[in-house]
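Remarks on the overall topology
Given next are the chains, with one letter for each unit.
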Amino acid sequence: MAVTEEESSSSSAQSRPTPNGGVHFLAKCLARSGVILQVVRGHFRSPTSYDIIFGKETSIELVIMGGDGVVQSVCEQPVFGMIRDLAVLPWRSKLHDKKPEMSRKDLLIVLSDSGKLSFLSFSNEMHRFFAVTNVQLSVAGRMVAVDSSGSFISVGSYEKRVALFSVSTCYSDDVIDKRTIYPSEIEETTARRRLKTDVSGTIWSMCFISDRPGQSSKEHSPILAILLTRKGSFLNTLLLLRWLVRDNSFHVLSQYLEAGPLAFTIVEVPQSYGQALLFRVGDALVMDLSDALRPRCVYRTSLNTPIPIIVEHDGDVEGFIAASALLELQDPRVDTHKDDPMNVDNYLVEYKYIPKFVCSWSWEPGTGNNPRMIFSMDTGELFMYEISFHCDGLEVYLSDCLYQGLPCKSLLWVEGGLLAAIVEMGDGLVLKLNDGRLEYMSTIQNSAPILDMSVVDCHNEKHNQMFACCGMAPEGSLRIIRSGLSVERLVRTAPMYQGVTGTWTIRMRLMDTHHSFLVLSFVEQTRVLSVGLSFSDVTDSVGFQSDACTLACGLLDDGLLVQIHQNAVRLCLPTVFAHSEGIPLSSPMCTSWSPDNIGISLGSVTHNLIVVATSNPCFLILLGVKSLSLYKYQVYEMQHVKLQSELSCISITQNHLIKKKSTSYLPSNSNYSNPLPVGLDVGHTFVIGTHKPSVEVLSYLPGQGIRVLAVGTISLTSTVGTAIGGCIPQDVRLVLVDRLYVLCGLRNGTLLRFEWPAVSTMSSSELSSHRSSAGSSSVCIDVNSWKFRASCSTGIQVSGISLSEKAKDNDPIFLQLIAIRRIGVAPVSLVPLSDYVDTDIIALSERPWLVQTARQSLSYISMSFQPSTHVTTVCSAECPKGLLFVSENSLHLVEMLQDKSVNVQKFNLDGTPRKVLYHSDSRLLLVMRTDLSNDSFPSDICCIDPLSGSLLSSFKFDHGEIGKCMELVRVGTEHLLVVGTSLSAGPAIMPNGEAGTAKGRLIVLCVERSQNSESGSGTVWSKAGSSSQQMLPFSEAIDYAADQMSHGSCCSSPDDASCDGLKVEDGEAWQLRLAYQNTLSGMVLAVCPYLNHYFLASAGNAFYVCGFVNDNPQRVRRFTSARTRFMIVSLTTHITRIAVGDCRDGLLFYSYHEEAKKLEQLYSDPGQRLVADCLLMDVDTAFVSDRKGSIAVLTCPSQSEDNVSPECNLTLNCSYYMGEIAMSIRKGSFPYKLPADDASGGNHDGHIMRELPYNAILAGTLLGSIVVFVHISREEYEFLLSVQDRIAVHPLTAPVLGNNHNEFRGRENQKGVPQMLDGDLLSQFLELTSIQQEAVLALPCASSEVKSSFKSPHAQISASQVVQLLERIHYALS
């Protein structure tokens, strides 16, 4: 429902209705748009950070660019509006901030369709932008400009008006000090009577012109240069306007109009005080505006370059003139000369000047007296423009072409000579200026537009992947998109590793950068492998006991390796046969230590410290090592304490240092100067998990013994009060982000996060007082879906005396539980990616998740890999970022692709890919392409290998014929490809929506094997390992496959032949063979299979029911046809129901009567709709997208309603405005009910969705976004709707652009139609702390209809219920 802001604020109880029946959906963006429309830079996170902002129309993304040119995303957030322009308001030295978090940081200015000018500040704590203020505009703004001092802002409308603002000196009160509009209504009326010196006309560009320094901001009267086109004029006028701030009056100082090319951009020259660049078609003018009353051009640079045109000359002058005239009609940039040495004298060279214009530009950062600019021409050429100012004038230097590519929509020159070049329909580039040339550094991914996609599970991974047609010629590509972080599969062994209980990697020396050994523990044995090009078994040379199950292992000191198994702790010195720096003996030196008559249950190893635990009785034992002589050591006990509870896990931080790169994420204010709690030394700290269950942080100092620093006891109950099982900690880790956290993975698939209370940073006296109060009270915290209670009893005794009794002054701190994530069902293991305390961590349940810690918060990103039981890091010279997974009894060596938040594999294609299908028999992709570089055959259908991207075969259409649609139709035991084309270049659709005059062709192709030994021979990519040592069967795997295989992420199933190389039988290939063709009266835009032996095909505004006679692909018969009023653009079926979408009447339902061979129209769309794509979820429900950016669900009316006319209207069940056009809609499966929900009481309300084969819809948009629509129950819908209403208005979660969320999602839809839930808005609830969640839910509900669905209008919503439901959906979609 589209409501105005006034209606929303005055009467929130009159909100949109809630559907009482039908289907209900939650929409969530899986992959955001890659189309970058605006690029700006500033200091948003801190005064010293160099941050880049990408404006993507419906979202903003903050990224950083490393010295290597790699762009890393820091955060991306939807804005729930349409961005029109971005600008940066720089922090000024005269600015006084009352809020410390905003001190010395720049503000992001966003102009949007909300009708407001938004000022955003980045919050390091919440890790996203928040609105400082939203200024209401009385003009429809299209562009925004900020003067160089940051004192004034201008907003230009599409025509006639500009709004100007002066910036306050204190952001805490109000960013804007004064505001005005020119012309006002009175001035506009007066201007009509005099000469047109106002801004009447279309505004093309504007910028502020800086005055000489020395004027105070109070006395400063800014000058605004406006480039506009007046009605009836063929030239643009440069208008100079002065705003007298004190008097709030305007003066039109002058206007500049020069006959010549069309001007379109005015740009101020930095640090020039009165100079500006005026870009016109074909040239650039340096304008001297220092005297605003007399603007003048001081330098003119031609941007046209001569292009040679080769003309054949046979001596006939008239023939030469005719040939020249003919060539002028061709593209002069195409070299038609053919290098024939016999005809040199018969060619003349004519040079033509082709008008060019600048489409984007960027100044060099920190420009001094000689400002330099890099700009892009519409031809894709990049040039440098340098202006030098001297006492006697200025000099201008225009370089040669620095780089040739596609035209750039935006450019951004950043520090280090790096340049971000953004193109419109392809991947952007990062270039580096080096020796006068621009060199390629990296790619900025852009999948737009997504014209078609196919969702399949082609490798039986139970994890759908998407094949998408992306981009347009010449940047067309086929992309394989999967949810989760991308990994590059390098090696996979045979499934011969049954019973693996643990994996570790060990270095030989403390300062080594690479691992030396890989340790695999089995139920009754241990094997040690060397890490390198080949993994060789060196167990005997290392000294580990091979017939024991290893519980833990590690490096104690240089050359000293420790193995902990159930019976002993074994210290080993490997030989040179195992490592080049081993001892020069024939066998390793080993010594052992064993506890008396008890077994070891756990252990951990760090530098000069070994910690082991026993059970029955329960002891915690600290061991040390001392040297006796050369190669001889003794393991001795330093201390032991008795435990009241058995331990479940032990974790010791290997390196207490902080990675230097993490400091770039830390703000420079004093609040983050000491992120560690008072009195805590990470280098002497370890964490334990107990069977209480609890997590406890202990410290050990020589001479002081063990001391308990902090404790958190876990007590889990469901919302109905029943105890939750499996709450024993499986793994624990200390993690440092902006502060120190304790991560705890439980055995029931849950990940907890504890933190020190804020008082832990107090002084010693305050800290002692807090400890005393904490020890005497029990604290209850209700976070997420469970209740957690903790006490300060540690349960550790020394010599039979409890530590709390022995030293009450050192009572432990009570850890606060602040977050919980349900990431799976299996026990959660935590594997750090390095030895640093602030490193990223892999949380492995049945699926791996990456917990990123270097972004001022903890973010969870699923990794695109199959279910695994164990994982460890592997760092070698050949694979510095390797991970070793144990899955399905095989070892998988993969490498995580850093700086990629979306798992996308790209295959470049010639032309524009329009349609893609997956052929299951051949396991190939069928791709329809247009705009091919071959002019004779501009369109074809090709067979592509999804693993390597190789083009295996193709079927070319006739000259001038363009492919439009295709579908696979099963006939008997094979699939036939039915194709629709256009035979002429005429319009497909007339302006009134009726079908055009162009004809089309219906084609049937057979996808079949061809036995051709020359062209169809297969290829096997493999590389066998070799070594003189005893080889583990790792050498039987693909050691390092070819580049085509290494870029993929599809190979994961043992049943997939491609996992052991791409195995294709010799002499076998697949080809497309023509079986049938027929010319139809209209362009064929849609085909669709129907039932088991029919297919549908459209031609103009008619569609036909066709079939194959006797299953013969060469004999196609038309059974019947029907016509609509307008052009048919889509056809879809479900069982017997047919849905026809046209370009005006929307969606029409038909039914086919086989006996009578007739089509009957059943229902019609209740409103006009320009259909983009459609699919049927069942016989009564249609999911349709239109070309205005909306999604709608239409259902058949209930049987109780009377059908009073043969064209009964469908019911508009719900709608959702995306702001992006979805050209492809496909079904998907996302079961968000966890397998353990029933056992754990997670189904507390019985609101779990029904099990459907397809319970979700995937939509790909022209901007490159992928949105999923998840089917939910009515109870879940009403429950989350009440939460969404509160989130949409709370200051922490409301849309940052100040627009009304309900109004935005209800655009282009009928008033009163229910909306789908916004998953992007709801997901913000998971990012809040428990206190913030309770504050959001405490707001009054805005919808009276939602209130009525609960038992009481004032019923309290439980945060745990909300989190549990959202976590289930998040788990399925991630």
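Residues numbered from 1 in each chain as written. Predicted model: local features only at pLDDT ≥ 70, side-chain atom pairs only at ≥ 80, totals over all residues. Heavy atoms only, no water.

Here's the deal with the side chain of threonine 1181
Relative to the helices and strands, threonine 1181 resides in strand S86 (residues 1181-1186). In this view, threonine 1181 contacts Val23, Leu1175, Leu1176, Val1193, Leu1194 and Thr1195; residues no more than four positions away in its chain are not counted. (Helix = DSSP H or I, 4+ residues; strand = E, 2+ residues; numbered from the N terminus. Contact = heavy atoms within 4.5 Å.)

Things to note about the environment of threonine 685
Summarising the element assignment, threonine 685 is placed in strand S49 (residues 685-690). A relative accessible area of 2% means that threonine 685 is categorised as buried. In this structure, the C-alpha to C-alpha distance between threonine 685 and leucine 701, residues 16 residues apart in sequence, is 9.0 Å. (Buried < 20%, exposed > 50% of the residue type's maximum accessible area, 1.4 Å probe, protein only.)

Comments concerning the environment of alanine 819
Summarising the element assignment, alanine 819 is placed in strand S60 (residues 816-822). Residues alanine 819 and leucine 743, 76 residues apart in the sequence, show an inter-C-alpha distance of 9.7 Å.

Remarks on the side chain of arginine 280
Secondary-structure assignment places arginine 280 in strand S19 (residues 275-280). A relative accessible area of 4% means that arginine 280 is categorised as buried. Side chain to side chain, arginine 280 and aspartate 283 meet in a polar contact 2.8 Å long. What arginine 280 contacts, discounting residues up to four positions off in sequence, is Glu258, Ala259, Gly260, Pro261, Leu262, Ala263, Phe264, Leu285, Arg300, Lys356 and Phe357. (Polar contact = N/O pair within 3.5 Å; in protein donor to acceptor, adjacent residues only side chain to side chain.)

A few points about the pattern of salt bridges
Oppositely charged side chains can pair when the atoms bearing their charge come close. With the rule as written, the count across this model stands at 36 salt bridges. Between aspartate 835 and arginine 507 there is a salt bridge, with the nearest N and O atoms lying 3.1 Å from each other. One end of the pair, aspartate 835, is in the loop between strand S61 (829-832) and strand S62 (841-844); the other, arginine 507, is in the loop between strand S37 (500-506) and strand S38 (517-522), and 328 residues separate them in sequence. The salt bridge involving aspartate 931 is made with arginine 914; its shortest N-O contact spans 3.7 Å. In this pair, aspartate 931 is assigned in the loop between strand S70 (924-930) and strand S71 (940-944) and arginine 914 in strand S69 (residues 912-919), connecting sequence segments 17 residues apart. A relative accessible area of 41% means that aspartate 931 is categorised as partly exposed. (Salt bridge = Lys/Arg side-chain N within 4 Å of Asp/Glu carboxyl O.)

Focus: the packing of aromatic side chains
Tallying each qualifying case throughout the model produces 24 aromatic pairs. Residues phenylalanine 865 and phenylalanine 885 carry aromatic rings whose centres are separated by 4.5 Å and whose planes lie at 25° to one another, so their mutual orientation is stacked. One end of the pair, phenylalanine 865, is in the loop between strand S64 (859-862) and strand S65 (870-874); the other, phenylalanine 885, is in strand S66 (residues 882-887), with 20 residues separating them in the sequence. Plain terms: the ring middles of phenylalanine 1103 and tyrosine 1150 are 5.2 Å apart, the flat faces sit at 75° to each other, and that makes the pair edge-to-face. Of this pair, phenylalanine 1103 sits in strand S79 (residues 1102-1108) while tyrosine 1150 sits in strand S83 (residues 1147-1153), and the two are 47 residues apart along the sequence. Just as phenylalanine 1103 is buried, tyrosine 1150 falls in that class too. Ring-pair connections join several aromatic residues into one group, and the members of that group are Phe25, Phe1183, Tyr1216 and Phe1269. Geometry around tyrosine 741 places arginine 753 over its ring, the cationic atom sitting 4.8 Å from the centre. A cation over a ring is seen here: arginine 1118 above tyrosine 1104, with NZ or CZ 4.7 Å from the ring centre. (Phe/Tyr/Trp six-rings, centres within 6.5 Å; stacked < 30°, edge-to-face > 60°. Lys NZ or Arg CZ within 6 Å of the ring centre and 35° of its normal.)

Overview of the confidence of the model for the protein chain
In this model, the protein chain carries a mean pLDDT of 79, and residues with pLDDT of at least 70 account for 76%. Segment residues 760-808: pLDDT under 50, and 111 contacts once partners within four positions in sequence are set aside and those in other chains are kept. (pLDDT = per-residue confidence, 0-100.)

Some points on the sheet that holds strand S17 (residues 249-256)
If you walk across this open sheet you meet the four strands as S14-S15-S16-S17, and the pairing is antiparallel. Whereas interior strands pair on both sides, the edge strands pair on one side only; in this sheet they are strand S14 (202-209) and S17. Within this sheet the neighbouring strands show an average axis-to-axis angle of 25°, counted without direction. Pairing analysis gives seven bridges linking S14 to strand S15 (residues 223-229), with the strands arranged antiparallel. The residue bridging phenylalanine 208 from the neighbouring strand is leucine 224, located in S15. (Pairing = 2+ DSSP bridges. Axes fitted to C-alpha atoms, helices over the stretch in contact; angles between N-to-C directions.)

What to know about the sheet that holds strand S92 (residues 1266-1272)
Here we have five strands laid out as an open sheet, ordered S90-S91-S92-S1-S93, and mixed in their pairing. Two strands lie at the open edges of the sheet, namely strand S90 (1222-1228) and strand S93 (1317-1318), each paired on one side alone. Across seven bridges, strand S1 (residues 24-31) lies against S92 in antiparallel orientation. Paired with phenylalanine 25 across the two strands is histidine 1271, which belongs to S92.

What about unusual backbone geometry?
Looking along the chain, the bond that leaves alanine 448 and enters proline 449 is cis, with omega of -10°. Inspection of the secondary structure puts proline 449 in the loop between strand S32 (437-444) and strand S33 (450-456). Cis geometry is adopted by the peptide bond preceding proline 693, which originates at lysine 692 and carries an omega value of 10°. Look at aspartate 435: it is not a glycine, yet its phi comes out positive at around 55°. Structurally, the position occupied by aspartate 435 is in the loop between strand S31 (428-434) and S32. Here aspartate 435 falls in the exposed class, since its relative accessible area comes to 75%. Here isoleucine 1135, not a glycine, exhibits a phi torsion of approximately 55°, which is positive. Position of isoleucine 1135 relative to the elements: it lies in the loop between strand S81 (1128-1134) and strand S82 (1137-1142).

Some points on the pairing of strand S26 (residues 381-390)
Most of S26 is tucked away: seven of the ten residues are buried. Two strands pair when backbone bridges link them, and strand S25 (residues 372-377) and S26 are joined in this way by five bridges, in the antiparallel orientation. Along S26, the bridge assignment pairs arginine 372 with glutamate 386. Summarising the sheet, S26 and strand S28 (residues 403-404) pair through two bridges and their orientation is antiparallel. For leucine 382, the partnering residue across the bridge sits in S28 and is tyrosine 403.

Let's talk about helix H9 (residues 1274-1287)
Given 3.6 residues to a turn, an α-helix orients residues that are three or four positions apart in the same direction. Taking 1.5 Å per residue as the helical rise, H9 with its 14 residues ought to reach 20 Å, and the 20 Å between its terminal C-alpha atoms agrees with that figure. By the burial criterion, the buried members of H9 are Glu1276, Tyr1277, Glu1278, Phe1279, Leu1280, Leu1281, Ser1282, Val1283, Gln1284, Asp1285, Arg1286 and Ile1287. (Expected span 1.5 Å × (residues − 1).)

Structural notes on helix H12 (residues 1330-1337)
If you check which residues of H12 are buried, you get Ser1330, Gln1332, Gln1333, Val1336 and Leu1337. Projection of H12 onto a plane perpendicular to its axis shows the buried side chains occupying an angular sector of 160°, all on one side. (Arc of directions from axis to C-beta.)

Quick look at the environment of valine 1087
You can see valine 1087 is positioned in strand S77 (residues 1087-1090). Residue class for valine 1087 comes out buried when judged on its relative accessible area of 6%. For the pair valine 1087 and cysteine 965, spaced 122 residues apart in sequence, the C-alpha to C-alpha distance is 6.6 Å. When sequence neighbours within four positions are dropped, the list of residues in contact with valine 1087 reads Cys965, Met966, Glu967, Val978, Leu1002, Leu1096 and Ala1097.

Section: the nonpolar core
Leu1280, Leu1317, Leu1322, Phe1325 and Val1362 are the most contacted members of the largest nonpolar core, which has 44 residues in total. Setting aside its immediate chain neighbours within four residues, valine 1362 contacts Phe1279, Val1283, Phe1325, Leu1337 and Ile1357. Residues Leu709, Leu734, Leu815 and Val837 belong to the second largest nonpolar core, which totals 27 residues. (Core = buried A, V, L, I, M, F, W, Y, C linked by side-chain atoms within 4.5 Å.)

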